[in-house]
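Given next are the chains, with one letter for each unit.
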Amino acid sequence: MSTPNGLPQHSGACVTQGTEGGAVQDLHAKKAGKAAKEAGGNGVLTFEDPPSVGTSLNQTLKLLPDELKANMKIKSVTPRPPRKPRLERAASLDEKSWRRWRRFRTSQESLTDPNETSSSNGSLQEASLSPPIRSRASPCHQCCQQNSLQTSSDASEASLVGKSRGGTSDLGKRASEISSAFGGLLRGKAFAGGKPRLSQIMPARPLPPMELNVASHTLRTANRIDSDCMDYRHYSQHKFGRVSSSLSDTRLHGNGMVYDNCSTDSMKSTFSLLTPIRSKDVRSRSYLEGSLLANGALLGAEELSRYFPDRNIGIFVATWNMQGQKELPVNLDDFLLPTDPDYAQDMYVIGVQEGCPDRREWEIRLQETLGPHYVMLYSAAHGVLYMSVFIRRDLIWFCSEVEYATVTTRIVSQIKTKGALGICFTFFGTSFLFITSHFTSGDSKVNERKLDYNKTIQTLTLPKNVPDTNPYRSSSSDVTTRFDEVFWFGDFNFRLNKDRETVDSILNQNLETDVSKLLAYDQLTSEMSRGSIFKGFQEADIHFRPSYKFDIGKDSYDTTSKQRTPSYTDRVVYRSRYRDDIHAVKYSSCPVIKTSDHRPVFALFRVKVRPGRDNIPLAAGQFDRELYLIGIKRRITRELQKRQEQKDQKSSSICSIS
């Protein structure tokens, strides 16, 4: 059974592949013939001798030049636009551009056709939702694609033949328009008897993956347990670059808990912030032996970069002459936790001269103030000289054994009010030495103070068991040359070489940050510039008022009969084996603590840390556990008392009778 145009008629919406072109080609020929008949009156395309029943569409177009001249009339071609504007771009001879356009449209448009008309997107969606239908229709689609490509090649041949009849550009343009019209006819109709759909387009190469991580940063961090974590994590990523997570993406996706990357980021924060450890890494780790660049070394570069990507550690160093007072300040927050900068440091080292009688109580107060994030790595004393080293609890595993030594500078060694106390250890591959001293007092005893300094650097026997990180740059006559980073702080007792009246007149000028007029008379600054003391040491710029001598409990300087001259007796100096390893961030005093005639002085540093070897004696997480528990218990008790006081204050009421 055939149509008036001579094309065979078929029924059914889905046709499988036959032999020698088969039903698919006949169906396409039917569409072409019907369209040609409709367009015959409009001057689009006319066949004088239509093809036979068994002739395919490709054979119809593949005619010899003479037959093409006899059987085809080329008129002014004005093809009708396709019914769907979306298919107008698809009818193109440039297959590469057409496929690129299809990939873009597929990634941008919805897979559902709202009008339920012929749409390649709808065909793709139906194929993906129903695999059996896709498998049956795939041969037909391949044939359609092959026919489309053959049609393009035949059209190009027709354009070459047209060169003998007219201009190359004119005939080539007309042949291209003819091919476009046939392409529109082939794609304009759906299979009869079913839902209209087009053949599936098979891309030449795999499509690029779509980015699913489209959630905003606010949505990804909305489910975090700790609200402060988001702020700190955002700050550390931009400032320090420290990013860590615990639960692997594979484990989350394998359990079906999350779908995309943004969900993974959110779910990982819900469990932990620790970095996951693979089993094979644990098997290969060696915590007792290791080289500088070995993988899995406890003190190596890999572990250091995980905790400190910028290789810098924050250190708080403070000195305070307590004048032997039994009374301790009610609150040490302003001293240990200044509001500038916003974040606490990684290590706290506090040296005390003329310490309070109850040293243990002082250490408990320090632990209570710093809280559960810090543990006391070590503490030592030499008479009334105290030193305490606190470190973040996560970092105690990277410290070596801690060693200390003392020096007495008084003639009578039993009186230990003047002297020096040193504590040293290695953190990763960087060795640290902290010294707190109390030099000879007196306005004119500059030489005695220099003798105290020389005796300290010559007598302090450190290190003992911990190896020197660079023995080639060490000197047996100077303990400060045997360590990478040295911090020396204490009551050095250097005064201002000026009378009280002159100093008071300068202070009355309400100097806030510019104290250069006072420092012009400072003994320590003068001696350091000459190189007679603290050789190789530096001091940060001073922008605070003299820390000595105050009336206890007041902001006024000495009003007694002695009228001592205000001076910068409490100082912090530092030196390094390597240039620019130590960067001073802040150098100031704490004027709110008034229980002594000295004001506490502190400094904040950023210190570069290098990787080390595992062959050093490790502290293995040692810290003062008893002190930690007592300090945390006091902190909780203090908080409960504060809440109870606030509750009682709200519940109490005052009645007045008029």
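Residues numbered from 1 in each chain as written. Predicted model: local features only at pLDDT ≥ 70, side-chain atom pairs only at ≥ 80, totals over all residues. Heavy atoms only, no water.

1. Brief notes about the overall build of the protein chain
At step 1: Along its length, the protein chain carries 21 helices and 13 strands.
At step 2: Residue burial in the protein chain is summarised as follows: out of 658 residues, 42% are buried.
At step 3: Contacts in the protein chain between residues far apart in sequence, at least 24 positions, make up 71% of those at least 6 positions apart.
At step 4: Surface exposure of the protein chain reaches about 35800 Å², of which carbon and sulfur atoms provide 51%. (Helix = DSSP H or I, 4+ residues; strand = E, 2+ residues; numbered from the N terminus. Buried < 20%, exposed > 50% of the residue type's maximum accessible area, 1.4 Å probe, protein only. Contact = heavy atoms within 4.5 Å. Areas by Shrake-Rupley, 256 points an atom, 1.4 Å probe, with all protein chains shown as cover.)

2. Remarks on the nonpolar core
At step 1: By size, the foremost hydrophobic cluster in this structure holds 54 residues, and its most contacted members are F427, F434 and F487.
At step 2: If near-sequence neighbours (up to four positions away) are discounted, F434 is found in contact with I315, V317, M347, V349, M387, L421, G422, I423, F425, F487 and F489.
At step 3: Ranked by size, the runner-up nonpolar core spans 25 residues in total, among them W320, L328, L332 and I593. (Core = buried A, V, L, I, M, F, W, Y, C linked by side-chain atoms within 4.5 Å.)

3. Examining unusual backbone geometry
At step 1: Omega for the peptide link from L462 to P463 comes to -5°, which places this bond in the cis form.
At step 2: Among the secondary structure elements, P463 is positioned in the loop between α17 (446-459) and β10 (485-491).
At step 3: Residue K549 is reached from Y548 by a cis peptide bond, and omega for that bond is 0°.
At step 4: Here K549 lies in the loop between α20 (523-530) and β11 (570-576).
At step 5: In this model, E354 sits at a positive phi of 50°, which is unusual for a non-glycine residue.
At step 6: Along the chain, E354 turns up in the loop between β4 (347-353) and α16 (359-370).

4. Points about the packing of α16 against helix α21 (residues 625-651)
At step 1: Viewed as axis vectors pointing N to C, α16 and α21 meet at an angle of 60°, and their least axial separation amounts to 8 Å. Our classification of the angle between α16 and α21 gives oblique. In this structure, the crossing between α16 and α21 has a hand that is right-handed. In this structure, α16 contributes R360, E361, E363, I364, R365, Q367, E368, T369 and L370 to the contact, and α21 contributes E626, L627, Y628, I630, G631, R634, R635 and R638. (Axes fitted to C-alpha atoms, helices over the stretch in contact; angles between N-to-C directions. Parallel < 35°, antiparallel > 145°, perpendicular 65-115°, else oblique. Left-handed = near helix turned anticlockwise from the far one by under 90°.)

5. Here's the deal with the sheet that holds β11
At step 1: Pairing is mixed in the open sheet, where five strands are placed in the order β7-β8-β9-β10-β11. Of all strands in the sheet, those with a lone pairing partner are β7 (403-408) and β11, marking the two edges. When strand polarity is set aside, the average angle formed by the axes of neighbouring strands in this sheet is 15°.
At step 2: The sheet contact formed by strand β8 (residues 419-427) and strand β9 (residues 430-438) spans nine bridges and is antiparallel. Each residue of the ladder has a partner; that of F427, found in β9, is T430.
At step 3: Sitting on the sheet, α17 touches β7, β8, β9 and β10, and the angle it makes with β7 is about 145°. (Pairing = 2+ DSSP bridges.)

6. Comments concerning the confidence of the model for the protein chain
At step 1: Per-chain confidence: the protein chain averages 74 in pLDDT, with 57% of residues scoring 70 or above.
At step 2: In this model, residues 34-58 is a region of pLDDT below 50 whose contacts with residues beyond four sequence positions or in other chains number 43 contacts.
At step 3: Segment residues 60-64: pLDDT under 50, and seven contacts once partners within four positions in sequence are set aside and those in other chains are kept. (pLDDT = per-residue confidence, 0-100.)

7. Some points on the sheet that holds strand β6 (residues 385-392)
Backbone hydrogen bonds hold the strands of a sheet together, and the pairing may be parallel or antiparallel.
At step 1: Pairing is mixed in the open sheet, where six strands are placed in the order β5-β6-β4-β3-β13-β12. Two strands lie at the open edges of the sheet, namely β5 (374-382) and β12 (582-589), each paired on one side alone. Between one strand and the next, the sheet's axes are offset by a mean angle of 15°, whatever the strand orientation.
At step 2: Direction of pairing for β12 relative to strand β13 (residues 601-608): antiparallel, over a ladder of seven bridges. Paired with Y587 across the bridge in β13 is A603.
At step 3: Its contacts with the sheet put α16 on β3 (312-321), β4, β5 and β6, and the angle it makes with β5 is roughly 155°.

8. Observations concerning the environment of L328
At step 1: Within the secondary structure, L328 sits in the loop between β3 and α15 (333-336).
At step 2: Accessibility expressed as a relative area gives 14% for L328, which makes it buried.
At step 3: Between the C-alpha atoms of L328 and R365, which are 37 residues apart in sequence, the distance is 8.8 Å.
At step 4: In contact with L328, not counting residues within four places along its chain, are M322, C356, E361, W362 and R365.

9. Focus: α17
At step 1: Given a rise of 1.5 Å per residue, 14 residues ought to cover 20 Å, and the 20 Å separating the end C-alpha atoms of α17 matches this to within 8%.
At step 2: Residues V446, R449, K450, D452, Y453, T456 and I457 constitute the buried set of α17. Seen end-on, α17 carries its buried residues on one side only, within an arc spanning 150°. Relative to its buried face, α17 has exposed residues pointing more than 90 degrees away, namely N447, L451 and Q458. (Expected span 1.5 Å × (residues − 1). Arc of directions from axis to C-beta.)

10. With respect to the packing of aromatic side chains
At step 1: Counted according to the given criterion, the structure contains 30 aromatic pairs.
At step 2: Judged by centre distance (6.1 Å) and plane angle (45°), the rings of Y378 and Y404 are tilted. With a gap of 26 residues between them, Y378 in strand β5 and Y404 in strand β7 connect regions that are remote in the sequence.
At step 3: One aromatic cluster is present, formed by F316, W320, F335, Y348, W362, Y374 and F602 through successive ring pairs.
At step 4: Between the NZ or CZ atom of R449 and the centre of the ring of F494, over which it lies, the distance is 5.0 Å. (Phe/Tyr/Trp six-rings, centres within 6.5 Å; stacked < 30°, edge-to-face > 60°. Lys NZ or Arg CZ within 6 Å of the ring centre and 35° of its normal.)

11. Observations regarding the pattern of salt bridges
At step 1: Applying the stated criterion across every chain yields a total of 23 salt bridges.
At step 2: Notably, a salt bridge pairs D581 with R610, separated by 2.6 Å at the nearest N-O pair. Taken together, the residues D581 in the loop between β11 and β12 and R610 in the loop between β13 and α21 connect sequence positions 29 residues apart.
At step 3: On the basis of relative accessibility, which here comes to 4%, the residue D581 falls in the buried class.
At step 4: R610 sits in the partly exposed class, given a relative accessible area of 25%.
At step 5: Here the salt bridges share partners, and the residues they tie into one network are R359, R360, E363 and D624. (Salt bridge = Lys/Arg side-chain N within 4 Å of Asp/Glu carboxyl O.)

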